[in-house]
Amino acid sequence: MASSRWQRQQPRLVRVVVTAALMIMAMATTAAALEDDDVGYDAGTVGFDEGFSPLFGEANMERSADGRGVRLTLNRYSGSGFISKHYYHHGFFSADVTLPKDHTAGVVVAFYLSNGDVFDKTHDELDFEFLGNRRRHEWRLQTNVYGNGSTDRGREERYLMPFDPTAAAHRFSILWSSRAVIFYVDGVAIREVPRSAAMAGDYPSKPMAVYATIWDGSTWATDNGRYKVNYRRGPFTAEFSGLVIRGCPAVGNGQGQSGSDHVAMLRLRLGAADRDRDACAGAEFELMTAGYAIMTPRKRSEMRRWRRRQMLYTVCHDTNRYPAPFPECDVNVAERQMFWEWGESKVVRPRVRGRSGGKRRQQVAAGTTASATTPAPRLVSLQQAD
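Predicted, not measured: the structure shown is a model, and the values here were computed from it.

Criteria and cut-off values
Residues numbered from 1 in each chain as written. Predicted model: local features only at pLDDT ≥ 70, side-chain atom pairs only at ≥ 80, totals over all residues. Heavy atoms only, no water. Helix = DSSP H or I, 4+ residues; strand = E, 2+ residues; numbered from the N terminus. Buried < 20%, exposed > 50% of the residue type's maximum accessible area, 1.4 Å probe, protein only. Areas by Shrake-Rupley, 256 points an atom, 1.4 Å probe, with all protein chains shown as cover. Core = buried A, V, L, I, M, F, W, Y, C linked by side-chain atoms within 4.5 Å. 1 Å grid on protein atoms, 1.4 Å probe; cavity = no way out; pocket = protein on both sides within 12 Å on 5 of 7 lines; lining within 4 Å. Points joined across faces, edges and corners; volume = space filled by probe spheres on them. Nonpolar A, V, L, I, M, F, W, Y, C, P; charged D, E, K, R; others polar. Pairing = 2+ DSSP bridges. Phe/Tyr/Trp six-rings, centres within 6.5 Å; stacked < 30°, edge-to-face > 60°. Lys NZ or Arg CZ within 6 Å of the ring centre and 35° of its normal. Axes fitted to C-alpha atoms, helices over the stretch in contact; angles between N-to-C directions. Contact = heavy atoms within 4.5 Å.

Participant: Help me out: how do you make sense of the overall build of the chain in this one?
Facilitator: Within the chain one finds seven helices and 16 strands. The burial tally for the chain puts 48% of its 386 residues in the buried class. When the accessible surface of the chain is split by element, carbon and sulfur atoms take 52% of a total near 18900 Å².

Shown next as structure tokens:
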């Protein structure tokens, strides 16, 4: 009897031991991450042909000599872009990006996750968008979060960057897990979108591919379309290197196939992707316990400081569009006073680089310099990378 009882209890004991071991591993990994917030930022890069394929404008793409980077160009004939060879169930995705110099009004460069090529009306998307500007004016950085086609409930934010993104490469990373989305710039978290039950289908949940593109956004990108792409100032070239893909593939994107039959088949396979989530459970556990997935007190402090200094617009304070904030918004009353009712900052102001001293002195003498108390123009154009 005792032997029989022991045999019946063995599977339960094994499960308990395995669960306990996993918990210990998670606690140890979390403790390591707490000691070193930079754990995981050295995730291995992939060669371009290993992880990606051309998406469009292949004539405007140039691979680096070592095969680990690519230059994307926009000219009067075409933009260009690439896509990962797989769609992924969550992951950590990163690229070192250098943006075009000089006059880039109307130019849009994007590094993002999406399944819009498959689910045109119910797509998910996570974006870094870089919005060009006039000569001596700063590039803008925008992040977007869309789930299940929720573009009418866009969760956009826009920032200045604390560096010149045309002078050297800077790292832009997206952490997407079943619990949160975190955007990083040079290893500093700049935005966290925790998943909540109230978000429902607005949280990106279907497998997504990784994209990088450069294209003509003249209709909206610079001052709501006031300044268009001037191709006499082109061509415009962005460089992508240090490409990182750390995630569990859901399904290949079938490079070499095309047409509506291929899209329909891919839609069916991705729509049924829940069947292979179990196969990705180990990868999800590794992702959730990696340093870049754990928001430590130090990371949150750095994020708040970055946002206070760099954020131009946040949907969380845009009461014109959304009288009630989204559930993931942590609205601070004191911080709210630093934003206009349309969500734009009262204190973070764009700078003009390289203005001549003589012209500046003339403006000061005439009293025509901008005042920090003057209401800023509204950022009415907040769109996604398509």
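Participant: Sorry, what's going on with the nonpolar core here?
Facilitator: One finds F82, F128 and F240 to be the most contacted residues of the largest nonpolar core, which totals 49 residues. The dominant element in this core, judged by the number of residues it contributes, is strand β14 (residues 236–252), at five residues. If you look at the next biggest cluster of nonpolar residues, it comprises 13 residues, including Y87, Y112, W215 and W220.

Participant: Honestly, the layout of surface pockets in this entry has me stumped. Any pointers?
Facilitator: Rolled over the atoms, a probe sized like a water molecule indicates the empty space that remains. Taken as a whole, the second largest pocket spans an internal volume of roughly 670 Å³. In terms of lining, the second largest pocket is formed by 21 residues, of which the most central are M303, R304, R307, D330 and E335. The greatest single-element share of the lining of the second largest pocket, amounting to five residues, is contributed by helix α5 (residues 297–310). Classifying every residue of the lining of the second largest pocket gives eight nonpolar, three polar and 10 charged.

Participant: What is the right way to look at the pairing of strand β13 (residues 209–216) in this model?
Facilitator: Look at any regular strand and the pattern is simple: side chains alternate between the two faces of the sheet. Within β13, seven of the eight residues are buried, leaving the element largely enclosed by the surrounding structure. Pairing analysis gives four bridges linking strand β4 (residues 80–84) to β13, with the strands arranged antiparallel. Counterpart to S80 in the pairing with β13 is I214. Sheet topology places strand β6 (residues 107–114) next to β13; eight bridges connect them, and they run antiparallel.

Participant: Just to check I follow, could you spell out the packing of aromatic side chains for this structure?
Facilitator: Each pair of aromatic rings is reported with the distance of its centres and the angle of its planes. Counted under the stated rule, the structure contains 16 aromatic pairs. With a centroid separation of 6.5 Å and 20 degrees between ring planes, the pair formed by F128 and F130 is classed as stacked. Exposure remark for F130: the relative accessible area of 0% places this residue in the buried category. Ring pairs connect the aromatic residues F48, F52, F82 and F240, which therefore count as one cluster. Sitting above the plane of the F119 ring, K206 keeps its charged end 5.3 Å from the centroid.

Participant: When you look at the sheet that holds β4 in this model, what are you seeing that I'm missing?
Facilitator: The pairing of strands in a sheet happens through backbone hydrogen bonds and is either parallel or antiparallel. One open sheet holds the nine strands; their spatial order is β1-β4-β13-β6-β7-β8-β9-β15-β16, and the pairing between them is antiparallel. Looking along the sheet, the strands with just one partner apiece sit at the ends: β1 (52–56) and β16 (342–344). Here the strands of the sheet are splayed against their neighbours by 20 degrees on average, with no regard to which way each runs. Sheet topology places strand β8 (residues 140–146) next to strand β9 (residues 157–159); three bridges connect them, and they run antiparallel. Bridge pairing in β9 links T143 to E157. Here α5 sits on the sheet and contacts β9 and β15 (311–318); the angle it forms with β15, its principal contact strand, is near 105 degrees.

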